[in-house]
Amino acid sequence: MPHTALKKASNIYFAGQITGVEGYVESASSGMIAGINASMDFLGRERVIFPRSTAIGL
């Protein structure tokens, strides 16, 4: 399952252009996803994965 964290260090997240997105909106939304999933990991909850049918889906 793809997400924005490293495979070997899942507490390190990426966002913005390093993830392959272009533009301000995409960079902001990838940062939002990384932040949401970092907080979900901290709280011990399942990560949020948006469907491919959405603009920010993985």
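Values in this document were obtained by computation on a predicted structure and should not be read as measured data.

Draft legend 1. The overall build of the chain, seen in detail. Scanning the chain for helices and strands turns up 1 helix and 0 strands. Here the chain holds 58 residues, and the buried ones make up 17% of them. Pairs at least 24 apart in sequence give 33% of the contacts found in the chain among residues at least 6 apart. Within the structure as shown, the chain displays about 4400 Å² of accessible surface, and the carbon and sulfur contribution to it stands at 60%.

Draft legend 2. Summary view of the side chain of Asn37. Along the polypeptide, Asn37 turns up in helix 1 (residues 24-43). On the accessibility criterion, Asn37 (2% relative accessible area) is buried. Once residues lying within four places of it in the same chain are set aside, the contact partners of Asn37 are Tyr13, Arg47 and Val48.

Draft legend 3. Inspection of the pattern of salt bridges at higher detail. Applying the stated criterion across every chain, the model contains 1 salt bridge. One salt bridge connects Asp41 with Arg47, and the closest N-O pair in it is separated by 2.8 Å.

Draft legend 4. Inspection of the environment of Gly31 at higher detail. As for its placement among the helices and strands, Gly31 is situated in helix 1. The exposure class assigned to Gly31 is partly exposed, which follows from its relative accessible area of 32%. Residues Gly31 and Thr19, 12 residues apart in the sequence, show an inter-C-alpha distance of 10.0 Å.

Draft legend 5. Quick look at helix 1. Look at helix 1: 29 Å from first C-alpha to last across 20 residues, which is about the 28 Å you get at 1.5 Å a residue. Residues of helix 1 that are buried: Ser29, Ser30, Ile33, Ala34, Asn37 and Met40. Around the axis of helix 1, the buried residues are gathered within 140° of arc, so they sit on the same side. Structural note: helix 1 exposes Tyr24, Ala28, Phe42 and Leu43 on the side pointing more than 90 degrees away from its buried face. Just past helix 1, the residue Gly44 takes up positive phi, approximately 75°.

Rules behind the numbers
Residues numbered from 1 in each chain as written. Predicted model: local features only at pLDDT ≥ 70, side-chain atom pairs only at ≥ 80, totals over all residues. Heavy atoms only, no water. Helix = DSSP H or I, 4+ residues; strand = E, 2+ residues; numbered from the N terminus. Buried < 20%, exposed > 50% of the residue type's maximum accessible area, 1.4 Å probe, protein only. Contact = heavy atoms within 4.5 Å. Areas by Shrake-Rupley, 256 points an atom, 1.4 Å probe, with all protein chains shown as cover. Salt bridge = Lys/Arg side-chain N within 4 Å of Asp/Glu carboxyl O. Expected span 1.5 Å × (residues − 1). Arc of directions from axis to C-beta.

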